[in-house]
Amino acid sequence: DFPPEDSDYHSFAELDEVVDATVADHPDLAAKEVVGTSHEGRELIAVKITSDVGTDHDRPEVLFTHSQHAREHLTVEMAVYLLRTLTEDYGGDPEVTELVDTREIWILPNVNPDGSEYDIADGSYKSWRKNTQPNEGTSAIGTDLNRNWAYEWGCCGGSSGDPADITYRGPAAESAPEVKQVADFVRSRVVDGEQQITAAIDFHTYGELVLWPYGHTYDDTAPGMTRDDYEAHAALGTMMADSNGYTPQQSSDLYITDGSINDWLWGDQGIFSFTFEMFPSGGGGGGFYPGDEIIPEETSRNREAVLTLLDYADCPYRAIGKEA
Ligand code: 0X9
Ligand code: CA
Ligand code: ZN
């Protein structure tokens, strides 16, 4: 479990309790779906939030993924914040009410539960990043989920082929069961040939950044990324960064990554996709392990950014004054 001084962070069991309570308190607004199981057999949970949640409406769908990286526990707290805010503020806050009435929101609060639990297993942090899948021919454990997605996988020096490395991409794209099943979930949202999910944020720590694709190339435009596509990502990303004080940039401006969820969501699925690197901005502030007292401020800090993405999900090109 978390050390006592960080007890406000949610372990996987505590997260499950929040999910169950959210659904129990707001059965018309929130529903739990299990989209798969992790390598060790934990549930990969999705919570759908929308009014009249039992129906598949024709509303723009928006995806929030959390905790691909085990040690980035603040991102689970971001999911808890969203679960609570989008249900508890419904009916009271006009903006939240309008967006929950007109969007279908998918929150995947922990896509790497094995890694998260391993990181806190003996009460002191292990700085673990990957999942806990064994690798053939070595005692080195784990695949970096954010290098295992099936778009330009391993293309460009933005991942490692060494199982001992923290950015190990796995033996094949979608070799990690967590990536495969979350990808299958996203693919399942294609209805009558049209991907229902239009926009997404994948939450990470740390750096206080808003990142957009591509990560596998320094170029702004590339196959699948036109000038308008790029400018719309940049405009929306900059708008969100203006609200939370993060730095907006193309993800390759940080460093080259291949096989990231961001590149796959856009390049393969046509979903406007962002990576948020949450608090802190640098190594000061606790790095991957800021004290639990920062949770309220650093999660609510992203309230407007998330509502902005939900708003633009009907037509992200509106951000550059174009209607599709
Ligand atoms: O390296 C990563 O996966 C992310 N940074 S972290 O420190 N949380 O590990 C950044 C990913 C950004 N790249 C893309 N979104 N393509
Ligand atoms: Ca729908
Ligand atoms: Zn990360």
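Residues numbered from 1 in each chain as written. Chains lettered and ligands numbered in written order. Predicted model: local features only at pLDDT ≥ 70, side-chain atom pairs only at ≥ 80, totals over all residues.

The protein goes by Zinc carboxypeptidase in an unreviewed UniProt entry, where it is assigned to Nocardiopsis composta. For the record of the protein, the UniProt heading Catalytic activity (unreviewed entry) holds the text "Releases a C-terminal residue, which may be hydrophobic or positively charged." The Function (unreviewed entry) comment attached to the protein in UniProt states, word for word, "Carboxypeptidase that possesses the specificities of both mammalian Cpase A and B. Thus shows broad substrate specificity, being able to cleave Cbz-Gly-Leu, Cbz-Gly-Val, Cbz-Gly-Phe, Cbz-Gly-Lys and Bz-Gly-Arg in vitro." (UniProt positions renumbered as here; feature names shortened; annotations may be inferred.)

(A) Fine view of the overall build of the protein. Within the protein, the secondary structure is distributed over nine helices and 10 strands. Here the C-alpha atoms of the protein give a radius of gyration of 18 Å, agreeing with the 20 Å that 2.2 N^0.38 yields for 324 residues. Its C-alpha atoms put the protein at 50 × 45 × 40 Å along the principal axes. Among the 324 residues that make up the protein, the fraction classed as buried is 49%. Pairs at least 24 apart in sequence give 74% of the contacts found in the protein among residues at least 6 apart. (Helix = DSSP H or I, 4+ residues; strand = E, 2+ residues; numbered from the N terminus. Rg over C-alpha atoms; globule rule 2.2 N^0.38 Å. Buried ≥ 20, exposed ≤ 12 C-beta atoms within 10 Å, placed from the backbone. Contact = placed C-beta atoms within 7 Å.)

(B) The sheet that holds strand E9 (residues 247–250), seen in detail. What the eight strands build is an open sheet, ordered E1-E2-E4-E3-E7-E10-E8-E9; its pairing is mixed. Whereas interior strands pair on both sides, the edge strands pair on one side only; in this sheet they are strand E1 (30–37) and E9. Direction aside, neighbouring strands of the sheet carry axes that sit 20° apart on average. One ladder, built from four bridges, connects strand E8 (residues 209–212) with E9; its direction is parallel. Residue pairing for E9: Leu209 is matched across the bridge by Thr247. Helix-sheet contacts for helix H1 (residues 12–25) involve E1 and strand E2 (43–49), and the interaxial angle to E1 is about 145°. Against the sheet, helix H2 (residues 74–88) makes contact with E1, E2, strand E3 (61–66), strand E4 (104–108), strand E7 (197–205) and strand E10 (272–278), and its axis sits at roughly 145° relative to E3, the strand it touches most. (Pairing = 2+ DSSP bridges. Axes fitted to C-alpha atoms, helices over the stretch in contact; angles between N-to-C directions.)

(C) Here's a closer look at the environment of His57. Turning to its location among the elements, His57 is positioned in the loop between E2 and E3. Among the residues examined, His57 registers 15 C-beta atoms within 10 Å and is labelled partly exposed. Along the backbone, His57 and Glu104 are 47 residues apart, and their C-alpha atoms lie at a distance of 7.7 Å. Not counting residues within four places of it along the chain, the set of residues in contact with His57 comprises Thr50 and Glu104.

(D) The pairing of E3, seen in detail. Most of E3 sits inside the fold, with six of its six residues counted as buried. Side chains Glu61, Leu63 and Thr65 of E3 all project onto a buried face; the interleaved residues Val62, Phe64 and His66 project onto the opposite face, where all are buried too. Pairing of E3 with E4, which is carried by five bridges, proceeds in the parallel orientation. The residue bridging Leu63 from the neighbouring strand is Trp106, located in E4. Here E3 pairs with E7 via six bridges, running parallel. The residue bridging Phe64 from the neighbouring strand is Ile201, located in E7.

(E) Seen up close, H2. Given a rise of 1.5 Å per residue, 15 residues ought to cover 21 Å, and the 21 Å separating the end C-alpha atoms of H2 matches this to within 8%. Of all 15 residues in H2, 11 are buried; the element is thus mostly enclosed. Every buried residue of H2 is listed here: Leu74, Thr75, Val76, Glu77, Met78, Ala79, Val80, Leu82, Leu83, Leu86 and Thr87. (Expected span 1.5 Å × (residues − 1).)

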